[in-house]
Structure formats: C-alpha cells, structure tokens
Amino acid sequence: MHMEINKTLKITNLSHCYKNGKSIKNINLDVFPGEVVCVLGPSGCGKTTLLRLIAGFEEPSDGQIKIGKDYVFGKSYVPTEKRFIGMLFQDIALFPHLSVKNNIGFSLTKKNSDNEKIIENLLKKVGLDGFLNRYGATMSGGEQQRVALARALANNPNIMLLDEPFASLDVWSKYDIAYDIISILKESKTPTIMVTHDPQEAMKLADRIIVMLDGKIIDQGTPSELYSEAKHSFSVSLMGPTTSYLSKAIDGLIKTPFGSINIVNKKSQGSYKVLIRPDAFSIASNNKEAINIKIISFKYIGLLTEVEIVDENNKDNNFMFLVYSNIFKNIYKNNKLLFNKDWAFVFPNK
Amino acid sequence: MKKLNILFVVILSLFFFTKAWSDEVNLYSARKEHLIKPLINIFEKETGIKVNLVTAKAAQLYERIVREGKNSPADVLLTTDAGNLWKASKQGLFQKINSDYLISRIDSRYRDPENKWFGLSLRARIIVYSLDRVDQNELRGYKYLSDPRFKNRILIRSSSNIYNQSLIAHMIAKYGEEVAEEWAEKLVNNFARSPAGGDRDQIKAIAAGEGDIAIVNSYYIIQMLNSDKKKIFNNLGIYFPRDKEMGVHINISGAGLLQNAPNHKNGKQLINFLLSDKAQKIYSFNNFEYPVVKNIEIPKLLKYLGNFKEDDIDTSEYGRLSKRAIKLADRVGWQ
Amino acid sequence: MINYLKHGWGLFSVLLCLTVIIPISTIIFFFLIPGDETWIHLRDNVLNSYISNSLYLMIFVGGGSIIIGSITAWLVAMYDFPFKKYLEWLLFMPLAIPSYAVAYCYADLLGYGGFITNNLGLIFNSNIKSINFYSIYGAVFVFIFSLYPYVYLLMRQAFISQSSAYIEIAKISGLNLLQIIRKICLPLSRPALAGGVTLVIMETLADYGVSDYLGINTFTKGIYKAWFNLGDITSAGKLSAILLFTVAIIIIIERKLRGKAQYNNEVRSNRVLQLKKLHGFTAILALFICIIPVIIGFIIPLITLISWSIESIDIIYTLEFINVAISSFGIAFFASLLCALFALIIVFGMRTNPKLVNPFARIASLGYSIPGAVAAIGVLIPLVWLDNTINNISLKYFNYSTGLIITGTWFGLLFAYLVRFLALSMQAVENSFIKISKSIDYAARILGKSNRKILTSIHIKIGWGGISLGLLIVFVDVLKELPATMILRPFGLSTLAIKAHELAIDERLYDASIPLLTIIFLCLIPLYFLTKVIRQE
C-alpha cells in the first residue's frame, strides 16, 4: 500500500519535439493528492503528448517528471512498467481474450490468496458486482470503462492518466459513469490528469483546468475562475458562451453597443476584441445606467437567447449577442438592460 | 510451453547425432534416385557399406561441391554427361585413381586420360522417324538435318538440356563455330514446333503427327518399345546418324572420386563396383544403355539395333565447348 | 538517455532480420561486380525473352487470378445459392495441389494419347491428336488455376468484413449493383486485392517446377542457366537482382494501392451483411461460375493423380515413402515453427520500435521473391564460411577438424526455408496484430508488463488465428518446395516434392502420382483447419 505522500505529480520545464515540428515547451504542472486536473485544448495542442510523456511512451527532450518521491524522468529514469501509473483510454482497451476477472487481475503477478478478494472489492467499488466472469465484448462501453478503472486501480497507481476516456460513451450515460469514476478516484486520493477537448466535461469534472494551445499552457484555474477571469481570449471562448465584438480603441476608450469601456493603457491604439459573457446583461429596473436597445429579432436556444439589435457604432451591420433567457423576457418588455463591464473581456485583436 | 521447448531441443539434438558411425560413402549423383537405387542396394548388400545419396542436377551438385570447399563430405560424383565430367575434372574436383583394374576394364576413350574419372555407360543420340512419312534414304548425318527438305518436320527438346548442348559442342568441335552456328540456325528453321517436353515427348509427337523426325537418346525409344505401350510405336523407325565426316554422337555417364573425399577407400570401392560385370549388366538390362566394359551381355533389343560407328571425337570437347554451345543456341534462337 | 531495455527488443528484431538479409545481400553483392562477356551475351540474346515472358506471365496470370478470385469471392460472400456452403471452402482447395503437379496432369491429359484429347475427338468430331501444353499458354493456365485461391481468400475476407452500412447507403442513393461494386466494394477491398495479386505474382516469378517442366524461359530459368550451366555467378546475380528489383516495385505499388487503410475492427459498429438468396437461373449461374475453378484447379488434377496411382501401387514404394513422407512432414513442421518464431519477434519489434526495425523487416521480406535455388546458394555461401571458420578455430585450439557441421544438415535447409518463407509468416502475423489496438499495448505496459510478457500473454493469444494461418501456409509451401531442397538437403533426406519431380521429369508420371498425392494429403490437413475457421464465420 502506498502512502499519500507518494501520490503527487510534479512536472518541471517539460519540453518535447516531434519530427514534424509540433512541440510542447516548458510545461510546469503540479497535481496534489485527491485533485482532478483537466487539460483542455483543441486537437494538436499537445495535451495528449503531455500525457504520453508522463506515462513514459515518449521521452521528453528536456525537463523533469516526478511522481511521488521519485524522479521518473530528469534526475533519474524509470521506464513505464515501473512507474505505477494508472491509465484509461478512449478506446478502453480491455484485453478481449481475458475475462473481467483476469483483466483486473492482470497486474497482480504474485500468486496471492488475497488476489480474489482484491478483485472482488474493486469490482464492487466500480459498481459491477457479479461481472467476474463476463467478457468485454458482451458489455456496454460504460461497463467496460468501469472495468478498465478497476484494472488500473488494482496496480495501486500513484497517479491516474485519463485520455479522453468518456469520448466514446453515449451522451445519456456519459456523465453518470464519469461522475462515478471521478468520485472513486478522488476518494482514493489519487491525483488525476484528464485530457479532453470538451469544455463541458472539464467544467463538470475538474477541480482545476489547464488550457493548452500550441504546446503551451495559456491559462489555469478552477472552473469558475476560468469562467470569469480567464487571461487568454481563447480560454474565454472555450470556457463558456461568449459574444464577440470587434472595435477600435480611440484615446483609451472602446465603443460597444452597450457603452464605452476603458482600457488600461490610455495611449493604446489599434483594434480590439471584446468577449462578452451573457452574465454581463441584467434587468434594468429604474437604473440610471440602463442602456436602451433596439431589438430587431431574437431566437430562443434553451438557457440562452440570441438577440439581434441595432449597433449605433456600426449602422450597416446589426449586432447579435447572447443573454440568459429568463433575463431576456424582461429586457424585451422594456427595451432596456444593464451592462456589467466586469463580464466583458478585452483583448488586442491580432 | 516449457515442455514444447524441451521436446524441440531433444529432436534438434537427435538431428545432430544422426551422423552414422558405420562404414559409409557419400554419393552425389546427377542420375536420378530411382535409376541408381537398384545398383546402390546391391552394393550395400554386398559390401555392407552404407551409401548416403544426394541427387540433384549435375550443375547444382557441381556448384555445391565447389562451395563446400575442402570440407565437402562428398566422396563420389556421378554424372550423366561427359561435359559435366570434364568440367568437374578441370576444376580440380577429382583425384586420380591409380587402379590397374579400372584401367584394364574400359577403353581409354571412355575414361579420363589422367584417370580422374571413369565412364560407366554409353548412350547415343539418334534419330527416330515415322516410317510412313520418311524414307530412310533421306537420312544422313546430323549435319544434313539442316537441309530445307526437313522444314517443319524435326522434333527436338530444348537447348537447355545437357544432351543437346553436348551435341552442339560436338558440332562445333567437328565443323568450327561458324559452320556449326549456320547449321543450328537452319536446324531451328526446320523445327516442327517450338521445343517442348522431353525426349519421350518428341517420340510421342511423331506418333501424333506433329513432326516426322525426332532426335532423342537411344535408351528412351528402346524403353518405349519394351513397355506396354509399344503398339503406339509400331510405325517408327530408328536410325543412327552418320556420314563421311562424322560418326554417331555418343555420350558417357561416369563417375569420379572427389579430391577431398573423407571416405575415399569406400568411394573407390563404389566405382569399382559400378564397373563390375553385375553392375554393367544392370545398366544395359534395366536402363537399356550400352555398357562401357567389353563383352557384357546386352538385351535382345539392343542387339537387334546392331552395331554403330561412333564418332572418334574426344568427349572432353563436350565440356570444353559447352559454354560456347549454350551461347550459340541462344544466338540462333533454339529455345 | 539510452535505455537498452527500450531498444533491446528492437535490436533483437534487427538481429533476426539480418540473419535473413545476409543471404539476400550475398546475391545482390554479385550484382555490383561488373558484367563480363557472358552477361553481355545474356543481355543481347535472351534477356529480352526473359523479361517479356515474365511480364506476360505476370500480366495474364495476375489478371486471370483477379477475375476468378474476385468474382467467386463476391458470389460466396454476398449471396446464398445451392452448395455454396461447400463451394466456400472447395474454392481454395487448389492450394493443396502444387502447381507443377497441375502442369504434369494437364500436359498429359492434353497430350498425345491423353484422356482429354482422346475424348475431345469424340465430342467435337475433330482430328486433334494432341494439344501442345508445353508453352507459355499452358503455364498461364496452370498458374491461374492453382494460384487464384490467394486472391479468393483475401477478397472473400474483405467482402465479408465490409460494413453493410456502406452498401445500404449506396442502395438508398439509387446505385445499381454494378455501380455499387465499382464505387464501393472494389475500392474498399483494394488492399486485399493488392495483397492477393502480389502473392500470386511473386509465386509465379519464383516458380521453378512449372517452367522447368513446360520449358518456359523465365527469369528463374535464366538465373539457373547462368549460374549452373554457364558457371557465371555474376550474371546470375545480376538477373536475381533485376528480379528482386521488379518484386520490390510490385511491393511498393501494392502498398500504395493498399493506401493507409486502418483495420481496427470495432465489432460493435459492424453489422453483418445479409446474404441475398438466389433462385432459378441466377442460382445455377452462380453455382456454375464457382464450381468451374474447383473442377479445373482441384478435381481434375486430383482424379487424374488418383487414377495414375492405381496403376502403380507398389509395396516397396509405399514403405520407402513412409520414410520420405515423415521427413517431409518433419522438416515442414520445423520450418513453419522457425518462421513463426522469427516473424513474431520481428513484427512485435516493428510495433514497438518502428523507426529502427521497419527498414530491416522490409528487406528481410524480399526473400520471398528469390527463386529457391538462388536462395539456396545465397544461404550456402555464408554457412560454408561459418562452418569453415568454426573448423579453423577448432583445428587451431583443439586440433580437431569439425568438418561441415551446419551446411549439409537440417540447419542449412531450414535456414534457406527461413529466407524464402519468412515473408509469409510476417504477413500473417502482421495482419493479425494490426487488429489489436495500440492502446492494448499501452495498457499492458502501464500495468507493469515487459515487452516479452506483452507479446506472449496478449498478442499471441489474441492473434492466434492469424498466426496459425501463417504456420499452415508456410508448412504447405515448404512441403511443395523443390529447388532449394534439392540443392541443400542433407544426405539421405529426400522429400516428397523431390521424389515426385524426379519421377515426372523421367516421364514416370504414374509413379510420381504417389508422392504427389501424399503431398496433397498432407496439405489438406492445414487446409481442413482453414475450412473450420471459415465455417465459424
């Protein structure tokens, strides 16, 4: 049994370069016991590479990887087989020729009379009591992934790596299974890195989210932090619904259909992109700061409503933005709304 | 899995130890197994020496012996063509056998002048023809076969066969390369069909009416006349080609003791045996070849064919000129 | 950071490849020596006919086997008709009969006094006394009907496993049957077609028995002639190199045609194709089309051989033949095991360390295209060198002459078979491993297993079907092999193939039928297992 002190992951200045030029540079990352960290980004951003480096399938060109007390890369080297990692794959990869029992017991090499019990306990933990002698081919994707988790846990991993493990599960059962798996991992205090391209998954499952783009970490934070305080325009768009507005800065002021926004550097010129969350709009009761708008059309899409209004700054084009549907009901009545600049993020438009 | 490994090792080591520790001799034979087997069986019974046999085409055996080098286990090399004997001798593969017995048994024409190889049997390359469509008076020597009167009438096997190569070599030796090439070119023009099949197929083709004249080794037609199917060959005549310049083309099958023979005494014994009366009789009665030893009894059919006049060529010419013969055949398009 | 464990497997694989590559490069080495007058003679006089004959064979045999193999595979995969259950496995039975045996049979049947010519006269009232089978047309005929099963097997597999979804989409889009075949089924089965045809062509080019018997001038013939008759190794080497080069091009074309097809089988998403039942005329037509190749390639030769064997059941022969049969079986068995062992290690090495192992593995596969006799010589030269070295060392230190302990024994012959047939085993193992997703490898490694354990506890167990197929194919091919065996065999070892060939060349076809039938019988055993696999599907 490993003590909690071994259940940490520390990555320092990690770099790697593929022959085709794609690379990751200077990645630093810590994961603590019981934490679930999601690495989020588009395909090709390097998130899968990062996972493969931690697992030991590829060798970094620079940097250190430390699992628990041991350096598995950098100051010393430990091959994959001896790193005590657990991993879940997108295509699940249960051994088709082995039963559930033998899949889970795969890493239990020493013939121990306890092995049977360990396997049964793990099966119970993942909620598949009675599946001992089943085979993967007769099970659903969700059930198979649970077995894969039990198999990984049997190896007493110090850290868990999840490579888009829920991507091939169908939408209805996906989160049931996902929540179960994540909660089991947190309970065992095993630090978990999960790679995904789906912001929804990240928001729902992660304690902390790392956003990667072009091989670098561009943003980090809890889901709510990234939702409200992301530092990179890409992360903002990624983490939640946004409306985008392009404008020019004149004397430090950016004009929007909802008023002007100050930018920090008053002397800045050039074009800027304003990303606005629907949270920015609220009901204007009798507020002096209420803004009048002319609504041309709207479309209800569930939680949000798409609204088309006249843009004073741009007579030719109308402006479409997103607002919460329940708020919109009121806005529609009064043609007025309140704009909270805290929810508008300004980025230089390159 | 482990048990399989042990079994594997056991069986492999058995192979290593199958080297017989008994008296033996290693024979590399270009003569096919079922033809040499009867002789081998008698030898083994009489002497108690085990004969280890490898058969392959002469050229392949030659190559193998050369590659094996001085550690080659071969004791005796047996071939069915004089050219091959010459080639092996020239390469230095054979060692001399100084045996008065052997020297006295056969005529000097049928053995190497330096006693490095010894002929075992003879065969002639003769003409078989359709009695219906060919008048015996039309037939002369080999050279005459190029005459245009035989256009589309001649059947012969591929030039890749050693017997034809030796015949062509003979023609080169007799008439010079230029004349021989001209002869071959015209001969090809007289082919009834593109060379196909073996000697027996040429004979069958006459019976089928595909051609009128076939050039074959003597023992084939005799075997066929001796078989159950002899009715098919009723209408065929046999002719030993000769003219004023050139007698009948004969070829020798023979053997030699190899230079590095590990069992050279047994090898000598084997060669002696093959020249014994008993063995020679088998050659003539089983295979219908002509024995090289004088005064050996020959079967009725052979007697019936009568004597023939061999050409006086030194058969080592077959070997000396074989490469040129092959290239000549290529040039004239004799496939 | 050099980690030998990581590269260990790869290095070992490369080492195994090298043992096979050495004979191949020995041959090519001669290509580099400048040609002498013999080469010029060959080049000027016969090279063209070698090339044209070989091209002719390649094109027509390739084309014929594609047509027969694909059409029968299509009918069997997509439709149900009377006796289809039997025809499904009967169609690959010609693999049990060596192509040279087919040549012997038809040459005799169509020759003078042959069964077919005799009776053709009665049926068609013609005067044909014999049909000359000893020609390139005869060779094309023989190769097509004895080799089409390679195409048949692979295409059938491809048609069966294609998803019915594609065809249903096509039907909905209004395409008729011909269009569906042309636009969907054929492109999808391109890899299988390419693979099958490549096998057929390589077998044709490397053949010895058929061209020898029917008197065709092919590259193989030319190589033999140059090496053994003209004694010019350099020219033989050059011809071998040209042959190798041609085959390398064919293989490159095959890979391009295969495209980057991924074979990962997601069982869940594949719906099994519903077979369409045929009635009436179409059913009979399908039956007819499928049974003709079986009759020509399997039934007629088999019956001919059986009828010949009746005339020559000789007790003495039978006793001796049991000996020969056991030798043939034994060496084929060990050769197939050896090839499978090498193939498993090498293919797994390709999987774990592709950059290092792939180039060597590809070169090692070229051994398949080398004609048997050339492979034998290629093997002989390094083995003799090794033997002589061992002998010299033992003389020097122990004053004992070991003589030739490797050449002229089973090892030399097994080595030649390895060079010749490794590609077959590799192909079979590759095909079965390709279906195993890489994630399985990763999962096993993460769970603490070393490479060797992964190979033995997972890949071999999952891929056993394909691996055993490879074992069987090599077994069958070694049984039938002729030229290399003739040259390299140890004393006292004769194989059924050699016996049969010697007898046939000596025109003792009746006697040749017994060893031939034994070969066929032994070949039927693995093919029987193949039928079981097919019936399970």
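Small disclaimer: the values here were computed from a predicted structure and weren't measured.

Participant: Let's hear about the packing of aromatic side chains: which residues, and what values?
Facilitator: The tally for this structure, following the rule as stated, stands at 38 aromatic pairs over all chains. When the centroid spacing of 6.4 Å and the interplanar angle of 75° are considered together, the rings of W74(C) and Y79(C) count as edge-to-face. A relative accessible area of 10% means that W74(C) is categorised as buried. A relative accessible area of 10% means that Y79(C) is categorised as buried. Taking the centre distance of 4.7 Å and the plane angle of 70° together, the rings of Y104(C) and Y213(C) count as edge-to-face. Of this pair, Y104(C) sits in helix α5 (residues 99–109) while Y213(C) sits in helix α11 (residues 209–214), and the two are 109 residues apart along the sequence. The residues Y104(C) and Y213(C) share a single accessibility class, namely buried. Members of the aromatic cluster, joined through ring pairs, are Y245(A), F258(A), F281(A), F319(A), F321(A) and F339(A). The residue whose ring lies beneath K281(B) is F285(B), and the NZ or CZ to ring-centre distance is 5.6 Å. Directly above the ring of F106(A) sits K449(C), whose terminal nitrogen or CZ lies 4.9 Å from the centroid.

Participant: Summarise the arrangement of the chains; cite the residues concerned and give the values.
Facilitator: Comparison of the two pairs of chains in contact shows the highest number of contacts for chains B and C. What separates chain A from chain B at the closest point of their C-alpha atoms is a distance of 19 Å, and the two make no contact.

Participant: Give a description of the interface of chain C and chain A that names residues and reports values.
Facilitator: Taken together, the contact between chain C and chain A spans 19 residues of the former and 27 residues of the latter. The shortest N-O distance in the salt bridge between R445(C) and E81(A) comes to 3.6 Å. At the boundary of chain C with chain A, the tally comes to seven residue pairs in polar contact (both at pLDDT 80 or more). Within the residue set of the side of chain C that touches chain A, elements represented by two or more residues are α19 (438–446) and α20 (451–462) of chain C. The element best represented in the side of chain C that touches chain A is α19(C), accounting for seven residues. Looking at the side of chain C that touches chain A, its residues break down into nine nonpolar, six polar and four charged.

Participant: Summarise the sheet that holds strand β19 (residues 319–324) of chain A; cite the residues concerned and give the values.
Facilitator: Residues and elements named next belong to chain A. Read across the sheet, three strands follow the order β17-β18-β19 without closing on themselves; strand pairing throughout is antiparallel. Taken across any chain shown, the strands that pair with only one partner, and hence form the sheet edges, are β17 (295–301) and β19. Each adjacent strand pair in this sheet contributes to an overall mean axis angle of 25°, direction not counted. The pairing of strand β18 (residues 304–309) with β19 spans six bridges and is antiparallel.

Participant: Can you break down the domain arrangement of chain C residue by residue, with the values?
Facilitator: Residue and element names in this part refer to chain C. Domain boundaries in chain C define domain 1 (1–30 + 314–537) and domain 2 (35–311). Facing the 47 residues of domain 1 at the interface are 50 residues of domain 2. Interface area, domain 1 with domain 2, both sides summed: about 4500 Å², of which 73% is carbon and sulfur. Counting the contacts that link domain 1 with domain 2 gives six residue pairs in polar contact (both at pLDDT 80 or more). Put simply, the parts of the chain that give the side of domain 1 that touches domain 2 at least two residues each are α1 (4–32), α17 (372–398), α18 (410–434), α21 (464–480), α22 (483–488), α23 (496–505) and α24 (509–536). With 15 residues, α24 is the largest single contributor of residues to the side of domain 1 that touches domain 2. Class assignment of the residues belonging to the side of domain 1 that touches domain 2 gives a composition of 33 nonpolar, seven polar and seven charged.

Participant: Kindly report on helix α7 (residues 177–189) of chain B, identifying the contributing residues and their values.
Facilitator: All names here are of chain B. Across its 13 residues, α7 extends 18 Å between first and last C-alpha, which sits within 8% of the 18 Å expected from 1.5 Å per residue. Those residues of α7 that fall on the buried side of the exposure criterion are A180, W183, A184, L187 and V188. Down the axis, α7 shows its buried residues gathered within 135° of arc, on one side only. Check the buried side of α7 and you find it contacts β5 (154–155), α6 (162–175) and α14 (322–332).

Participant: How would you summarise the interface of chain C and chain B if you had to cite specific residues and measurements?
Facilitator: Chain C puts 52 residues into the contact, and the matching count from chain B is 49 residues. Connecting chain C to chain B are two salt bridges. Linking chain C to chain B there are seven residue pairs in polar contact (both at pLDDT 80 or more). Every element with two or more residues in the side of chain C that touches chain B is listed here: α2 (37–45), α12 (219–229), α15 (315–352), α17, α18, α22 and α23 of chain C. A per-class count over the side of chain C that touches chain B returns 28 nonpolar, twelve polar and twelve charged.

Participant: Help me get a handle on the sheet that holds strand β4 (residues 62–67) of chain A, residues and values and all.
Facilitator: Residue and element names in this part refer to chain A. Taken in spatial order, the four strands of this open sheet run β2-β1-β4-β5, and their pairing is antiparallel. Because the sheet does not close on itself, it has two edges, and the strands there are β2 (23–31) and β5 (70–73). Sheet twist, expressed as the average angle between the axes of neighbouring strands with direction ignored, equals 25°.

Participant: Account for a nonpolar patch on the surface, naming residues and giving values.
Facilitator: Together, F288(C), I291(C), I292(C), I295(C), I299(C) and I303(C) give the surface a local cluster of nonpolar side chains, amounting to about 470 Å² of exposed area. Assignment of secondary structure puts I295(C) in helix α14 (residues 280–310).

Participant: Run through the nonpolar core, naming residues and quoting values.
Facilitator: Within the largest apolar cluster, 238 residues are counted, with the highest numbers of intra-cluster contacts made by L50(A) and F81(C). Counting residues in hydrophobic clusters, the runner-up holds 91 residues, among them L53(B), L78(B), I213(B) and L274(B).

Participant: Could you give an account of the domain arrangement of chain B, naming the residues involved and the relevant values?
Facilitator: All names here are of chain B. Domain boundaries in chain B define domain 1 (22–122 + 252–297) and domain 2 (123–249 + 309–331). Measuring from the centre of the C-alpha atoms in domain 1 to the corresponding centre in domain 2 gives 27 Å. Taken together, the contact between domain 1 and domain 2 spans 18 residues of the former and 19 residues of the latter. Between domain 1 and domain 2, roughly 1500 Å² of surface is buried when both sides are summed, and carbon and sulfur atoms account for 54% of that area. Summed over the three residues of domain 1 that lose the most area to domain 2, namely W86, R109 and F288, the buried surface amounts to 38% of that side. Taken together, the links from domain 1 to domain 2 amount to two salt bridges.

Participant: Got a sec to walk through the environment of I505(C)? Specific residues and values, please.
Facilitator: Among the structural elements, I505(C) can be located in helix α23. On the basis of relative accessibility, which here comes to 27%, the residue I505(C) falls in the partly exposed class. Considering only alpha carbons, one finds I505(C) and D212(C), 293 residues apart in sequence, at a separation of 9.1 Å. If near-sequence neighbours (up to four positions away) are discounted, I505(C) is found in contact with K32(B), D212(C) and Y213(C).

Thresholds, definitions, all that
- Residues numbered from 1 in each chain as written.
- Chains lettered and ligands numbered in written order.
- Predicted model: local features only at pLDDT ≥ 70, side-chain atom pairs only at ≥ 80, totals over all residues.
- Heavy atoms only, no water.
- Phe/Tyr/Trp six-rings, centres within 6.5 Å; stacked < 30°, edge-to-face > 60°.
- Buried < 20%, exposed > 50% of the residue type's maximum accessible area, 1.4 Å probe, protein only.
- Helix = DSSP H or I, 4+ residues; strand = E, 2+ residues; numbered from the N terminus.
- Lys NZ or Arg CZ within 6 Å of the ring centre and 35° of its normal.
- Contact = heavy atoms within 4.5 Å.
- Salt bridge = Lys/Arg side-chain N within 4 Å of Asp/Glu carboxyl O.
- Polar contact = N/O pair within 3.5 Å; in protein donor to acceptor, adjacent residues only side chain to side chain.
- Nonpolar A, V, L, I, M, F, W, Y, C, P; charged D, E, K, R; others polar.
- Pairing = 2+ DSSP bridges.
- Axes fitted to C-alpha atoms, helices over the stretch in contact; angles between N-to-C directions.
- Domains from an automatic or database assignment.
- Buried area = accessible area lost by both parts, 1.4 Å probe.
- Expected span 1.5 Å × (residues − 1).
- Arc of directions from axis to C-beta.
- Patch = residues over 30% accessible without salt bridge, like charges linked within 9 Å, V, L, I, M, F, W, Y side chains within 5 Å.
- Areas by Shrake-Rupley, 256 points an atom, 1.4 Å probe, with all protein chains shown as cover.
- Core = buried A, V, L, I, M, F, W, Y, C linked by side-chain atoms within 4.5 Å.

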